[in-house]
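Fold and contact review
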Amino acid sequence: VFGSARDITDRKRLLHSLEESAARVRDLYDHAPCGYFSLDAEGCLVHVNATLQQWLGSAVVESHTRFSDLLQGESRRRFHDHFIELTLQERAPEIEIEIAPPGAPRRVVRINATAVRDGRGDFLMSRTVAVDVTAQHEALQQVRCLLHDQSAMLNSDLVGMVKLASRTVIWKNTAMERMLGYGPGELEGADVRSLYAR
């Protein structure tokens, strides 16, 4: 019987270290606070991290799934144009789209993508980051509603309002002009004493 032995301790340590490093990278990829995904030249999903999969809820994401099929209406058209531009350049301009998969909350996401190309320069896949900006959009919508309500109140035909600075009219609504018998713009810059009853 002839036998031989070789010390592979260093090799085992190296493999273990590589496995730990790969696990850390995978953890960062999957549990980042943003969605990561890659699309092939046909716009089909190649890679999806756990965050994006969670956003998509019960939507079935397979290798032949087109990302645009997970979008609707204007978002689908905007993403289609974005993806075509990406296949022709190194990166496409950042866009915002709405994903509304069945069984999951609607989200507005900001998409940023770069192209991966082969040695000949042909498009292989995208490297895409999706950041959830739903809260910012909802806050902006609330501000718009408040501004609309405020504008409606200030421009009311029933309640006259005037803003004065240094005893001079710097703003007034149409109701105030009408109540006092002035034409549009005639009160602008008027001294407050001209409003007093004589």
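Below you will find a few notes about this structure. All figures in this text were calculated on a predicted structure; none of them were measured in a lab. (Residues numbered from 1 in each chain as written. Predicted model: local features only at pLDDT ≥ 70, side-chain atom pairs only at ≥ 80, totals over all residues. Heavy atoms only, no water.)

Counting residues in each nonpolar core, the largest one holds 23 residues, and the members touching the most others are Phe-37, Phe-67, Phe-79 and Ile-97. Every element with two or more residues in this core is listed here: strand S1 (35-39), strand S2 (45-48), helix H2 (50-56), helix H3 (73-88), strand S3 (91-99), strand S4 (107-117) and strand S5 (123-132). Beyond its immediate sequence surroundings of up to four residues, Ile-97 is in contact with Phe-67, Leu-71, Ser-75, Arg-78, Phe-79, Arg-107, Val-108, Val-109 and Ile-111. (Core = buried A, V, L, I, M, F, W, Y, C linked by side-chain atoms within 4.5 Å. Buried < 20%, exposed > 50% of the residue type's maximum accessible area, 1.4 Å probe, protein only. Helix = DSSP H or I, 4+ residues; strand = E, 2+ residues; numbered from the N terminus. Contact = heavy atoms within 4.5 Å.)

What follows deals with the pairing of strand S6 (residues 162-165). With 4 bridges joining them, S6 and strand S7 (residues 168-172) adopt antiparallel strand pairing. From the neighbouring strand, Leu-164 faces S7, where its bridge partner is Val-169. The antiparallel hairpin formed by S6 and S7 contains 2 residues in its connecting segment, where Ser-166 sits at a positive phi of about 55 degrees. (Pairing = 2+ DSSP bridges.)

Strand order across the open sheet formed by 5 strands is S2-S1-S5-S4-S3, with antiparallel pairing between neighbours. The strands lining the two open edges of the sheet, one partner per strand, are S2 and S3. Direction aside, neighbouring strands of the sheet carry axes that sit 25 degrees apart on average. Of the pairings in the sheet, the one linking S3 to S4 comprises 7 bridges and is antiparallel in character. Paired with Ile-95 across the two strands is Ile-111, which belongs to S4. In this fold H3 packs onto S1, S3, S4 and S5, with an angle of close to 160 degrees to the strand it touches most, S3. Packing of helix H4 (residues 134-154) onto the sheet brings it into contact with S3, S4 and S5, and relative to S4 it is tilted by some 135 degrees. (Axes fitted to C-alpha atoms, helices over the stretch in contact; angles between N-to-C directions.)

Following the criterion strictly, the structure yields 4 aromatic pairs and no others. An aromatic cluster of at least three residues, connected via ring pairs, comprises Phe-37, Phe-67, Phe-79, Phe-83 and Phe-123. (Phe/Tyr/Trp six-rings, centres within 6.5 Å; stacked < 30°, edge-to-face > 60°.)

Among the structural elements, Arg-107 can be located in strand S4. Given the relative accessible area of 18%, Arg-107 is considered buried. Beyond its immediate stretch of four places on either side in the chain, Arg-107 contacts Trp-55, Ile-97, Glu-98, Ile-99, Asp-132 and Thr-134. Polar contacts involving the side chain of Arg-107 include one to the side chain of Asp-132, which spans 2.6 Å. (Polar contact = N/O pair within 3.5 Å; in protein donor to acceptor, adjacent residues only side chain to side chain.)

Evaluated as defined, the whole model comprises 13 salt bridges. Arg-110 serves as the salt-bridge partner of Glu-96, at 2.7 Å between the closest nitrogen and oxygen. Remark: Arg-110 occurs in strand S4 and Glu-96 occurs in strand S3; sequence separation between them is 14 residues. In this structure Arg-110 comes out as partly exposed when scored by relative accessible area, which is 29%. Between Asp-118 and Arg-120 there is a salt bridge whose closest N-O contact spans 3.9 Å. One continuous salt-bridge network, built from bridges that share partners, spans Glu-74, Arg-77, Arg-78 and Asp-81. (Salt bridge = Lys/Arg side-chain N within 4 Å of Asp/Glu carboxyl O.)

Before going further, it helps to spend a moment on H3. Given a rise of 1.5 Å per residue, 16 residues ought to cover 22 Å, and the 24 Å separating the end C-alpha atoms of H3 matches this to within 8%. Residues Ser-75, Phe-79, His-82, Phe-83 and Leu-86 constitute the buried set of H3. When H3 is viewed along its axis, its buried side chains cluster within an angular range of 100 degrees and face the same direction. Opposite the buried face of H3, by more than 90 degrees, sit the exposed residues Gly-73 and Leu-88. Contacts from the buried residues of H3 go to S1, S3, S4 and S5. (Expected span 1.5 Å × (residues − 1). Arc of directions from axis to C-beta.)

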